[in-house]
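Each chain is listed here by its residues.
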Amino acid sequence: MIRRMGNRLERILVTGGAGFVGSTLAVAFKQRFPETEVLALDNLRRRGAELILHRLYQHGIKFVHGDIRVAADLPVGDFDLLLECSAEPSVLAGYHTAPDYLLHTNLTGALHCLEFCRLRCPRLIFISTSRVYSIPRLRQLSLRETATRFAMEATQGIPGASDQGIDEDFPTSGPRSLYGATKLAAEMFVEEYRHAYGLKTVIDRCGVLAGPWQMGKQDQGVFTFWMAGHFFNRPLRYIGFGGHGKQVRDLLHAEDLASLVLEQAGALDQWDGSTVNVGGGVEVSLSLREATELCRRMTGNSPSIAEEPKDRPMDVPCYLSDCSRLFSRTEWRPRHGPERILSDTFEWMRKHETALRSVL
Ligand SMILES: NC(=O)c1ccc[n+]([C@@H]2O[C@H](COP(=O)([O-])OP(=O)(O)OC[C@H]3O[C@@H](n4cnc5c(N)ncnc54)[C@H](O)[C@@H]3O)[C@@H](O)[C@H]2O)c1
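Below is a short write-up of the structure. (Residues numbered from 1 in each chain as written. Predicted model: local features only at pLDDT ≥ 70, side-chain atom pairs only at ≥ 80, totals over all residues. Heavy atoms only, no water.)

Let's talk about the overall build of the chain
Link 1 in the chain: The helix and strand inventory of the chain stands at twelve helices and 17 strands.
Link 2 in the chain: Viewed in the frame of its principal axes, the chain has a C-alpha envelope of about 60 × 50 × 40 Å.
Link 3 in the chain: Counting every position in the chain, which comprises 360 residues, the buried fraction comes to 58%.
Link 4 in the chain: Partitioning the contacts of the chain with sequence separation of at least 6, the portion at a separation of at least 24 is 83%.
Link 5 in the chain: Summing over all exposed atoms, the chain offers an accessible surface of approximately 14,800 Å²; the carbon and sulfur share of this is 51%.
Link 6 in the chain: Taken as two groups, the 43 positive and 43 negative side-chain charges of the chain have centres that lie 3 Å from each other. (Helix = DSSP H or I, 4+ residues; strand = E, 2+ residues; numbered from the N terminus. Buried < 20%, exposed > 50% of the residue type's maximum accessible area, 1.4 Å probe, protein only. Contact = heavy atoms within 4.5 Å. Areas by Shrake-Rupley, 256 points an atom, 1.4 Å probe, with all protein chains shown as cover. Lys, Arg positive; Asp, Glu negative; His and termini not counted. Charge placed at Lys NZ, Arg CZ, Asp CG, Glu CD.)

Focus on the pairing of strand 14 (residues 274–278)
Along a regular strand, successive side chains alternate from one face of the sheet to the other.
Link 1 in the chain: Burial runs high along strand 14: five of the five residues are buried.
Link 2 in the chain: Sheet topology places strand 10 (residues 200–206) next to strand 14; five bridges connect them, and they run parallel. Within strand 14, the residue paired with Val202 across the bridge is Ser274. (Pairing = 2+ DSSP bridges.)

Some remarks on the pairing of strand 2 (residues 37–42)
Link 1 in the chain: Counting buried positions over the six residues of strand 2 gives five, a clear majority of the element.
Link 2 in the chain: Relative to strand 2, strand 1 (residues 11–15) runs parallel, the two sharing five bridges. Paired with Val14 across the bridge in strand 2 is Ala40.
Link 3 in the chain: Strand direction decides the pairing type here: strand 2 and strand 3 (residues 62–65), joined by four bridges, are parallel. In the sheet register, Asp42 faces strand 3, and the bridge partner there is His65.
Link 4 in the chain: Where the polypeptide runs from strand 2 across helix 2 (residues 49–58) and back to strand 3, its parallel neighbour, the crossover connection is right-handed. (Right-handed = clockwise from strand over helix to strand, strands pointing away.)

Regarding the site of the ligand
Link 1 in the chain: For the ligand, the set of nearby residues contains 32 residues, the closest of which are Asp42, Arg46, Tyr101, Tyr179 and Lys183.
Link 2 in the chain: The contact in question runs from a nitrogen atom of the ligand to an N or O atom on the side chain of Asp67, over 2.8 Å.
Link 3 in the chain: Here the ligand has 820 Å² of accessible area as a free molecule, and 97% of this is covered by the chains.
Link 4 in the chain: Counting residues per element, the ones that place at least two in the shell around the ligand are helix 1 (20–32), helix 3 (100–120), strand 5 (123–129), helix 5 (177–197) and strand 11 (208–210).
Link 5 in the chain: Here the shell around the ligand takes three residues from strand 5, the largest share from any one element.
Link 6 in the chain: Here the shell around the ligand is built from residues that sort into 15 nonpolar, eleven polar and six charged. (Near = heavy atom within 4 Å. Polar contact = N/O pair within 3.5 Å; in protein donor to acceptor, adjacent residues only side chain to side chain. Nonpolar A, V, L, I, M, F, W, Y, C, P; charged D, E, K, R; others polar.)

Some details on the pattern of salt bridges
Link 1 in the chain: Taken as a whole and judged by the stated rule, the model has 21 salt bridges.
Link 2 in the chain: Arg139 is the salt-bridge partner of Asp311, the closest N and O atoms lying 2.6 Å from each other. Here Asp311 is found in the loop between strand 16 (305–308) and strand 17 (318–319), whereas its partner Arg139 is found in the loop between helix 4 (135–138) and strand 6 (143–145), with 172 residues between them in sequence.
Link 3 in the chain: Overall, the relative accessible area of 39% leaves Arg139 in the partly exposed class.
Link 4 in the chain: A salt bridge links Asp272 to Arg194, with the shortest nitrogen-to-oxygen separation between them at 2.9 Å. Placement of the pair is Asp272 in the loop between helix 8 (268–271) and strand 14 and Arg194 in helix 5, with a sequence separation of 78 residues. (Salt bridge = Lys/Arg side-chain N within 4 Å of Asp/Glu carboxyl O.)

Thoughts on the packing of helix 1 against helix 7 (residues 254–266)
Link 1 in the chain: Closest axis-to-axis distance for the helix 1/helix 7 pair is 9 Å, and the angle between their directions is 55°. By the angle between their directions, the pair helix 1 and helix 7 is classed as oblique. As for how helix 1 packs across helix 7, the hand of that crossing is right-handed. Residue-level contacts link Phe20, Val21, Thr24, Leu25, Ala28, Phe29 and Arg32 of helix 1 to Ala254, Glu255, Leu257, Ala258, Val261, Leu262 and Ala265 of helix 7. (Axes fitted to C-alpha atoms, helices over the stretch in contact; angles between N-to-C directions. Parallel < 35°, antiparallel > 145°, perpendicular 65-115°, else oblique. Left-handed = near helix turned anticlockwise from the far one by under 90°.)

Quick look at the packing of helix 3 against helix 5
Link 1 in the chain: At their nearest, the axes of helix 3 and helix 5 sit 9 Å apart, and the two run at 15° to each other. What the angle tells us is that helix 3 and helix 5 run roughly parallel. Like other packed secondary-structure pairs, helix 3 and helix 5 cross with a definite hand, here right-handed. Touching Leu102, Leu103, Asn106, Leu107, Ala110, Leu111, Leu114, Glu115 and Arg118 of helix 3 are Leu178, Tyr179, Thr182, Lys183, Ala185, Ala186, Phe189, Val190, Tyr193 and Tyr197, all from helix 5.
Link 2 in the chain: Class assignment of the residues belonging to the contact of helix 3 with helix 5 gives a composition of 14 nonpolar, two polar and three charged.

Structure below.
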């Protein structure tokens, strides 16, 4: 039986709450609603998550060590909102290792979160990914090459694609990585649980997120990884698409995501049932080559960058979020440009250099 209540947010659970996105959302909610109990659940699987615990405590956020693969690890008692941010978020997960951790966390774990919602938390904001879109179709986009990047042509023969990027009508059929498939499957169950049990739900399909507290790795959190390579002066590689670093992504500061999620949580009746792309779009996008220039300027370091022309599996030369659907519903817009995202990341590394040296 789902607990019915008004729009009060007395207790919020953030799964993956010691991760980059989860902790950023937890802090933003605690700052906006100081009286609200914000509980962060995480199994500390992500290297560096342990450093985030201090951030949570500093902001008065409770932490519970738990694993969403185990239903009994989800907390007891009633909650008003679940922000589901736990995942194995690497697009390469399962390709060089067995996929069981990915599947059990992103699929079974998501189902445990939905059961938790059915029984004791009537509202859910599910952080999903642009990786739900078909990789073969993304690789068919008509691109033009400029001096520093690939750019999308205005006319594309694929639904949901234009020079503004990829919108929600873009095909999701066909391979989209094991990671993308788990997130798409979880999205489908979010819809089913909403329909069957009356949950109020929002699905945010995020492009690349970046900013402080992202423990960036080559296969996840690439702009942070790139900044770290410059900051610690370590060799880097342009991998794939000729090896010139012209691959492009839009990016979004995690604090911009937090301001959107706060708005959605405050008006879940209006947002209920929506699935929207969330990203910086063309305006807030960078190629790796362009990122190199900014990172060099900020850090004063120029690490060597090898050129490896061969593409990595599941990689695409260009992804830009077309957020027209989102923008038609809200005044919210990304406030941080690419330079600001990288400079915030740089300042964070400066401040926590000793702790981050062994993690990033
Ligand atoms: N970072 C991005 O660019 C990006 C882009 C699109 C979508 N997302 C989505 O955002 C969400 C958060 O990603 P992130 O970037 O913060 O990654 P992250 O790795 O920093 O955070 C995920 C957290 O989940 C925890 N976790 C992993 N398995 C768990 C389990 N079985 N039980 C409990 N906790 C577990 C990890 O320890 C980690 O702290 C994910 O759902 C991801 O799919 C991220």
